[in-house]
Amino acid sequence: MPQAHRKVRHLGLTGGIGSGKSTVAQLLSGHGAGVIDADAVARQLTQPGGSAMPAIEASFGPGVVGADGALDRDAMRALVFSQPDARARLEAIVHPLVGQKLQAEALAHEAAGAPLVVYDIPLLVESKRWPAELDGVVVVDCLPETQISRVQQRSGLGREAVLAIMAAQASREQRLACADAVIFNEGCTLEALGLQVADLAHYFGL
């Protein structure tokens, strides 16, 4: 949807794992923003009966489909590792469907009167399509050691496993370079974080 012809602004929200991005998204929703979780949309497409599953099975075979009909993520991860073109093939199936669903959700938020649509996108910086489609990017930032600590506490993963996840994402510097606004979630109470989000919401007219 061309920016020049829409009144509702579309904002991207991103941050590394453990940054607190999901909490910021919830707080923005509390200020009246329509929030769309891109990861949740992608998961829906690959659940049992998900609209991406027929094409995935046709492309990769039944070995990547679990007994419940959902995508077998471990099998797909192994396939992506062993076949260089597998990731691109998977993305060619999933990404257009995600885009359609996100557009539908955005239109629904606009129809419901949301003054701002926020796309919660973990890999926003890594994507080539999003910058041209958004009116601004907000990055939730914290120190890398804080990311590691938070993820270990909530998931039980070892330090090396968390570092591997972080290495697969854009660097902190790359995210900050793309930011139009930054929420610094380091040493914050929920109340202090809420004040930063309130300032951001006010800036965008919420």
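Just so we're clear, the structure is a prediction, and the values are computed from it rather than from any experiment. (Residues numbered from 1 in each chain as written. Predicted model: local features only at pLDDT ≥ 70, side-chain atom pairs only at ≥ 80, totals over all residues. Heavy atoms only, no water.)

1. Section: the pattern of salt bridges
Alright, step 1. One pass over the structure, following the stated rule, counts six salt bridges.
Alright, step 2. Between lysine 21 and aspartate 120 there is a salt bridge whose closest N-O contact spans 2.5 Å. Of the two residues, lysine 21 sits in helix 1 (residues 21-30) while aspartate 120 sits in strand 3 (residues 116-120), which places them 99 residues apart along the sequence.
Alright, step 3. Of the residues examined, lysine 21 reaches a relative accessible area of 10% and is grouped as buried.
Alright, step 4. Its relative accessible area of 4% is what places aspartate 120 among the buried residues.
Alright, step 5. The residue arginine 172 makes a salt bridge to aspartate 141 at a minimum N-O spacing of 2.8 Å. One end of the pair, arginine 172, is in helix 9 (residues 172-177); the other, aspartate 141, is in strand 4 (residues 136-141), and 31 residues separate them in sequence.
Alright, step 6. You can call arginine 172 partly exposed: its relative accessible area is 22%. (Salt bridge = Lys/Arg side-chain N within 4 Å of Asp/Glu carboxyl O. Helix = DSSP H or I, 4+ residues; strand = E, 2+ residues; numbered from the N terminus. Buried < 20%, exposed > 50% of the residue type's maximum accessible area, 1.4 Å probe, protein only.)

2. What about the confidence of the model for the protein?
Should the pLDDT be low somewhere, the predicted coordinates at that spot are not to be read in detail.
Alright, step 1. Confidence in the prediction of the protein, expressed as mean pLDDT, is 90, and 97% of residues score 70 or more.
Alright, step 2. Across the protein, strand 5 (residues 181-184) holds the top mean pLDDT of 96, while helix 6 (residues 130-133) sits lowest at 76.
Alright, step 3. In this model residues 1-5 is a low-confidence stretch, pLDDT under 50, and it forms seven contacts with partners more than four residues away in sequence or in other chains. (pLDDT = per-residue confidence, 0-100. Contact = heavy atoms within 4.5 Å.)

3. Describing a nonpolar patch on the surface
Alright, step 1. A surface patch of nonpolar side chains, amounting to about 300 Å² of accessible area, comprises Leu143, Leu176, Val182 and Phe184.
Alright, step 2. By the element assignment, leucine 176 lies in helix 9.
Alright, step 3. Given a relative accessible area of 32%, leucine 176 falls into the partly exposed group. (Patch = residues over 30% accessible without salt bridge, like charges linked within 9 Å, V, L, I, M, F, W, Y side chains within 5 Å. Areas by Shrake-Rupley, 256 points an atom, 1.4 Å probe, with all protein chains shown as cover.)

4. Observations concerning the nonpolar core
Alright, step 1. Ranked by internal contacts, the top residues of the largest apolar core, which has 31 residues, are Ile56, Phe60, Met76, Leu102 and Tyr119.
Alright, step 2. Among the elements that make up this core, the one with the highest residue count is helix 5 (residues 86-111) (seven residues).
Alright, step 3. If near-sequence neighbours (up to four positions away) are discounted, phenylalanine 60 is found in contact with Met76, Leu79, Ala86, Arg89, Leu90 and Ile93.
Alright, step 4. Formed by 16 residues, the second largest nonpolar core is a distinct cluster that contains Leu11, Val24, Ala25 and Val197. (Core = buried A, V, L, I, M, F, W, Y, C linked by side-chain atoms within 4.5 Å.)

5. Description of the environment of valine 24
Alright, step 1. Among the secondary structure elements, valine 24 is positioned in helix 1.
Alright, step 2. Beyond its immediate stretch of four places on either side in the chain, valine 24 contacts Leu13, Val140, Ile183, Leu193 and Val197.

6. Some thoughts on the side chain of serine 19
Alright, step 1. Locating serine 19 in the fold gives a position in the loop between strand 1 (9-14) and helix 1.
Alright, step 2. One polar contact links the side chain of serine 19 to the main-chain amide nitrogen of lysine 21, over a distance of 3.5 Å. (Polar contact = N/O pair within 3.5 Å; in protein donor to acceptor, adjacent residues only side chain to side chain.)

7. Quick word on the environment of isoleucine 121
Alright, step 1. Structurally, the position occupied by isoleucine 121 is in the loop between strand 3 and helix 6.
Alright, step 2. The buried category is assigned to isoleucine 121, whose relative accessible area is 6%.
Alright, step 3. Note: C-alpha distance between isoleucine 121 and aspartate 199 (78 residues apart in sequence) is 21 Å.
Alright, step 4. Not counting chain neighbours up to four residues away, the residues in contact with isoleucine 121 comprise Leu13, Thr14, Ala38 and Trp130.

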